[in-house]
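# A closer look at the structure
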Amino acid sequence: MTFSYKSLYLDKPIIKDRALDIFVPENISQDISMIFVHGGGWGAGSRDQMHKIMEGFCDKGFICASFDYRLANVDGFAQLTDLRHAYDYFVSFLKDQGRPLKIVTYGSYAGAHLNA
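What counts and how
- Residues numbered from 1 in each chain as written.
- Predicted model: local features only at pLDDT ≥ 70, side-chain atom pairs only at ≥ 80, totals over all residues.
- Heavy atoms only, no water.
- Helix = DSSP H or I, 4+ residues; strand = E, 2+ residues; numbered from the N terminus.
- Rg over C-alpha atoms; globule rule 2.2 N^0.38 Å.
- Buried < 20%, exposed > 50% of the residue type's maximum accessible area, 1.4 Å probe, protein only.
- Contact = heavy atoms within 4.5 Å.
- Areas by Shrake-Rupley, 256 points an atom, 1.4 Å probe, with all protein chains shown as cover.
- Lys, Arg positive; Asp, Glu negative; His and termini not counted.
- Charge placed at Lys NZ, Arg CZ, Asp CG, Glu CD.
- Salt bridge = Lys/Arg side-chain N within 4 Å of Asp/Glu carboxyl O.
- Arc of directions from axis to C-beta.

## Quick word on the overall build of the protein
When you go through the protein residue by residue, the secondary structure sums to 3 helices and 5 strands. Reading the helices (α) and strands (β) of the protein from amino to carboxyl end gives β-β-β-α-β-α-β-α. Here the protein has a C-alpha radius of gyration of 13 Å; the compact-globule value for 116 residues is 13 Å, and the two agree. Considering the protein as a whole, with its 116 residues, one finds that 40% of them fall into the buried category. Sequence-distant contacts in the protein: of pairs separated by 6 or more residues, those separated by 24 or more amount to 67%. Looking at the protein as shown, the accessible area adds up to about 6400 Å², and 53% of this sits on carbon and sulfur atoms. Here the protein contributes 12 positively and 13 negatively charged side chains, and the mean placements of these two sets differ by 3 Å.

## What to know about the pattern of salt bridges
Scanning the model with the defined rule gives 8 salt bridges in all. Measuring nitrogen to oxygen at the nearest pair gives 2.5 Å for the salt bridge that ties Arg18 to Asp11. Arg18 gets classed as buried once you look at its relative accessible area, which sits at 7%. Overlapping salt bridges bring together Asp11, Arg18, Arg70 and Asp82 as one network.

## Observations regarding helix H1 (residues 51-59)
What H1 keeps buried is the set His51, Met54 and Cys58. One side of H1 holds all its buried residues, which, seen down the axis, span an arc of 60°. Elements in contact with the buried residues of H1: strand E1 (3-9), strand E2 (19-25), strand E3 (32-37) and strand E4 (63-67). Downstream of H1 by a residue or two, Gly61 has a phi angle that is positive, lying close to 95°.

## Focus: the side chain of Asp17
For Asp17, the location among the structural elements is in the loop between E1 and E2. On the basis of relative accessible area, Asp17 is assigned to the buried category, the value being 17%.

As structure tokens, then:
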């Protein structure tokens, strides 16, 4: 299935790693959207680690997003803030598209902790 892809930074000027990717399938068949947050031991990883998983869910008709968060010179509260801002942007995107606000989150390793 084909899908459109957007990569967005949350700040101007750009702050590295405060970004998200959104995949929208050509034929949206699900009323649930999905968020993916990468792991990496709090200091490594990238949102593109989740792209293959997102492609699979797009094939099933889900809108998906993957979030980055700052990895260096910040504490966990700053990382949570990064994710909250990306989440808020994604919710606004879904509202603008007239989509339901049913969202499932998934995180691996540190991303799972941040998701919780």
